[in-house]
Amino acid sequence: MSTHGSCNHDFKKGDEIEVLRKTDDGDVPVWFPATIMNSPSPEGTLHVKFTTLYMERYSKDGRRKRKKIRDYVNVINGVRRPVTQAEPHRCFAVGEEVETFHENGWRRGEVKEVLENSMYKVVIGGAVEVVVEKSRVRIYRDRSSFPSTLDPPQEKSSHLVLQSNKRTKLRIVCKSKTLRPDPFPNGTPVEVRSYEEGYQGSWYAAMVVGSIDETKILVQYETLKTDDEMQPLVEMADASNVRPLPPTIHRMDRFKMLEEVDAWYNDGWWVGHVSKVLGGLKYAVYFWITNEEYEFLHSELRPHQELINEKWVASFLRPKLLEKPRPEKVKLQTGGGRTLMVGLLRGLKVEIAHGENGFLTTWYPAVILGPVNKGKYLVEYRTLKTTDNNGLLKEEVDVMSMRPCPPIIQSPNQFQVNDRVDAWDFNGWQMGQVFKTMKEFKYAVYFWATKSVVEYRHDYLRLHQDFIDGAWLRATTEASSNVKEDGCFSCNI
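Quick caveat: nothing in here was measured; it's all calculated off a predicted structure.

(A) Fine view of the overall build of the protein chain. Within the protein chain one finds 0 helices and 38 strands. A separation of at least 24 residues holds for 51% of the contacts in the protein chain among residues at least 6 apart in sequence. If you sum the accessible surface of the protein chain, you get close to 27900 Å²; carbon and sulfur atoms cover 51% of it.

(B) Representation of the environment of tryptophan 270 in the model. Topologically, tryptophan 270 is positioned in strand 19 (residues 268–278). Polar side-chain contacts of tryptophan 270 include one of 2.8 Å to the backbone oxygen of tyrosine 265.

(C) Looking closely at the side chain of aspartate 425. Within the secondary structure, aspartate 425 sits in strand 31 (residues 420–425). At a separation of 2.7 Å, a polar atom in the side chain of aspartate 425 contacts the side chain of tyrosine 456. Excluding anything up to four places from it in sequence, aspartate 425 contacts Gln430 and Tyr456.

(D) The arrangement of the confidence of the model for the protein chain in detail. On average, residues of the protein chain carry a pLDDT of 75, and 71% of them reach 70 or more. When mean pLDDT is taken per element in the protein chain, strand 22 (residues 301–303) scores highest with 93 and strand 38 (residues 489–490) scores lowest with 36. Scored below 50 in pLDDT, residues 1–9 shows 20 contacts in the model against residues more than four places distant or in partner chains. Within the model, pLDDT remains below 50 along residues 145–166, and this stretch shows 43 contacts once partners closer than five positions in the same chain are excluded.

(E) Geometry of the packing of aromatic side chains. Scanning all chains against the criterion turns up 19 aromatic pairs. A ring pair is formed by tryptophan 264 and tryptophan 269, whose centres lie 5.1 Å apart and whose planes are at 65°; its orientation type is edge-to-face. The same class applies to tryptophan 264 as to tryptophan 269, namely buried. Relative to tyrosine 294, the ring of tyrosine 265 lies with its centre 5.1 Å away and its plane at 25°, an arrangement referred to as stacked.

(F) Seen up close, the pattern of salt bridges. Taken as a whole and judged by the stated rule, the model has 22 salt bridges. The residue arginine 138 makes a salt bridge to glutamate 18 at a minimum N-O spacing of 3.0 Å. Placement of the pair is arginine 138 in strand 10 (residues 137–139) and glutamate 18 in strand 1 (residues 16–21), with a sequence separation of 120 residues. Overall, the relative accessible area of 1% leaves arginine 138 in the buried class. On the accessibility criterion, glutamate 18 (1% relative accessible area) is buried. Glutamate 129 is paired through a salt bridge with lysine 112; the nearest N and O atoms lie 2.4 Å apart. Of this pair, glutamate 129 sits in strand 9 (residues 128–133) while lysine 112 sits in strand 7 (residues 105–115), placing them 17 residues apart in sequence.

(G) Molecular detail of unusual backbone geometry. At asparagine 104, a position not held by glycine, the phi torsion is positive, near 75°. With phi around 50°, asparagine 266 is a residue other than glycine that occupies positive phi space. The exposure class assigned to asparagine 266 is partly exposed, which follows from its relative accessible area of 45%.

(H) Representation of the nonpolar core within the structure. The biggest cluster of nonpolar side chains holds 24 residues, and the ones touching the most others in it are Trp288, Phe415, Tyr443, Val445, Tyr456 and Leu461. Counting residues per element, the ones that place at least two in this core are strand 27 (359–373), strand 31, strand 32 (428–438), strand 33 (442–447) and strand 35 (461–463). Once residues lying within four places of it in the same chain are set aside, the contact partners of tyrosine 443 are Gln414, Phe415, Val434, Lys436, Thr437, Met438, Val454, Glu455, Tyr456, Arg457, His458 and Leu461. Judged by nonpolar contacts, the second largest core, of 23 residues, contains Val190, Ala237, Ala263 and Val274.

(I) Layout of the pairing of strand 32. The sheet contact formed by strand 27 and strand 32 spans 2 bridges and is antiparallel. The partner of threonine 362 across the bridge, within strand 32, is glutamine 430. Taken together, the 6 bridges between strand 31 and strand 32 define a ladder with antiparallel strand orientation. Looking at the pairing, arginine 420 lines up with glutamine 433 of strand 32. Here strand 31 hands over to strand 32 after 2 residues, with phenylalanine 426 in that stretch at a positive phi of 50°.

(J) Geometry of the pairing of strand 7. Sheet analysis places strand 2 (residues 30–36) next to strand 7, joined by 2 bridges and oriented antiparallel. Bridged to valine 30 within strand 7 is arginine 107. Summarising the sheet, strand 6 (residues 97–102) and strand 7 pair through 6 bridges and their orientation is antiparallel. Across the sheet, the residue bridging to valine 98 is glycine 109, located in strand 7. Taking the residues between adjacent antiparallel strands as the criterion, strand 6 and strand 7 are bridged by 2 residues, where glutamate 103 takes a positive phi near 50°. Note: strand 7 against strand 8 (residues 119–124), 6 bridges, orientation antiparallel. When the bridges of strand 8 are listed, valine 114 appears paired with tyrosine 120. Connecting strand 7 to the antiparallel partner strand 8 that follows it, the hairpin turn spans 3 residues, and asparagine 117 within it adopts a positive phi of roughly 60°.

(K) Just the environment of tyrosine 199, in detail. Residue position: tyrosine 199 is located in the loop between strand 13 (189–193) and strand 14 (203–211). Note on tyrosine 199: relative accessible area 37%, which makes it partly exposed. The spatial distance from the C-alpha of tyrosine 199 to the C-alpha of asparagine 266 is 9.1 Å, given a sequence separation of 67 residues.

(L) Highlighting the environment of valine 130. For valine 130, the position within the fold is in strand 9. For valine 130, a relative accessible area of 8% translates into the label buried. The spacing of valine 130 and glycine 109 is 21 residues in sequence and 9.8 Å in space, taken between C-alpha atoms. The residues touching valine 130, leaving out its near neighbours within four places in the chain, are His102, Tyr120, Lys121, Val122 and Ile124.

(M) Structural detail: the side chain of glutamate 306. If you trace the backbone, glutamate 306 turns up in strand 23 (residues 305–308). Looking at glutamate 306, its side chain comes within polar contact range of the side chain of histidine 304, at 2.7 Å. A polar contact is formed between the side chain of glutamate 306 and the side chain of arginine 457, at a distance of 2.9 Å.

Definitions and cut-offs
- Residues numbered from 1 in each chain as written.
- Predicted model: local features only at pLDDT ≥ 70, side-chain atom pairs only at ≥ 80, totals over all residues.
- Heavy atoms only, no water.
- Helix = DSSP H or I, 4+ residues; strand = E, 2+ residues; numbered from the N terminus.
- Contact = heavy atoms within 4.5 Å.
- Areas by Shrake-Rupley, 256 points an atom, 1.4 Å probe, with all protein chains shown as cover.
- Polar contact = N/O pair within 3.5 Å; in protein donor to acceptor, adjacent residues only side chain to side chain.
- pLDDT = per-residue confidence, 0-100.
- Phe/Tyr/Trp six-rings, centres within 6.5 Å; stacked < 30°, edge-to-face > 60°.
- Buried < 20%, exposed > 50% of the residue type's maximum accessible area, 1.4 Å probe, protein only.
- Salt bridge = Lys/Arg side-chain N within 4 Å of Asp/Glu carboxyl O.
- Core = buried A, V, L, I, M, F, W, Y, C linked by side-chain atoms within 4.5 Å.
- Pairing = 2+ DSSP bridges.

This is the structure in structure tokens:
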């Protein structure tokens, strides 16, 4: 049955089909077995459940569960075809084009060698060699009759000639508008970023199920449920917080110390830094947004990727920036109502003050390991390495150079111009001020110490807070009395 021009009633709930999907490299399309879950929509959309593709999630009791992936397929686009069984009595010759079942789907390849015991060596995509049994090889079917899903919409026009009794002719040209391709058509698997309190900066897998306009997209989450836990959560998302699924990177070697990663946590992906490489393929990951650290298995992490100029770039593949020299520690003198920290305990999370030329610029997160002598403590930084890169940096720090970690104030709303903020950069919180608001929850932040402006995403910023008289005070947008004329904060606070 040809897919071209097929009608919706050709398919019904329960039918077994195969769905064509691009692989991560995009070179060898793959036919994945699937089952139709619902009757086709009037627009020709099929809701399918894949037979061999799974996603993993955790139940409330912490157990890992495998769940078959569901997707939406448009009938008109011809990205599916009826299941074709393998030919059990068919023999294949060297050089013959075939389809072989490999890594959960049928892939186009060429027989390289006929082996004993009804086995074949097949080259997939001209690069990957696999040895498969005869039941996993079938005749290659040319899909030239399947319309491409990537063809741009064509402009069509027709002419209508009207003639009146007075022999006056009026030619009307009916011209259809060339549609701009929808970046996220219905059925597109995406990831949605959350800025809700407690979930800021995390990404959740979802499926596009509708849209209002170019700025609002209706999505159905794969792992988030309604309050009664009965149905998948469906909500309207800002288009700036929706992105395509990043390509899968199978990281065979171990993640490195301080490497930026995404960790699967609370049904979503959270960006953090590997703070410790542990035994048994485990890691400690530090989340700067929540100032928390948790252990994860290797399989629960993925390389962090950013979509730059419509291309995915992995953090470990990005050109390494020239790291700034770590500023020196500075002491925060008593005065101005500041209360000294007393009774510091082992394991307490703190931030260490660093600066340049006697002025405070950066706070680095650390944990107290224990007292050394009067007024000094041994701390271990969460994001700074030793010079030989063999572990996290430990050093003695005067109590006057530290403060407790500020409470987490997550802002789902955009920051405003002149808001005082801390920006996460070079493994610490640098103090600055919002210079300009931009689209897609981005900001230009001005730093007084370096007199520079740098662009940041919303989830890399936090509201600036000052620790005064043993209490945390949120900074105002107005210029602080502690800001000197050159723009730097005095350490005399």
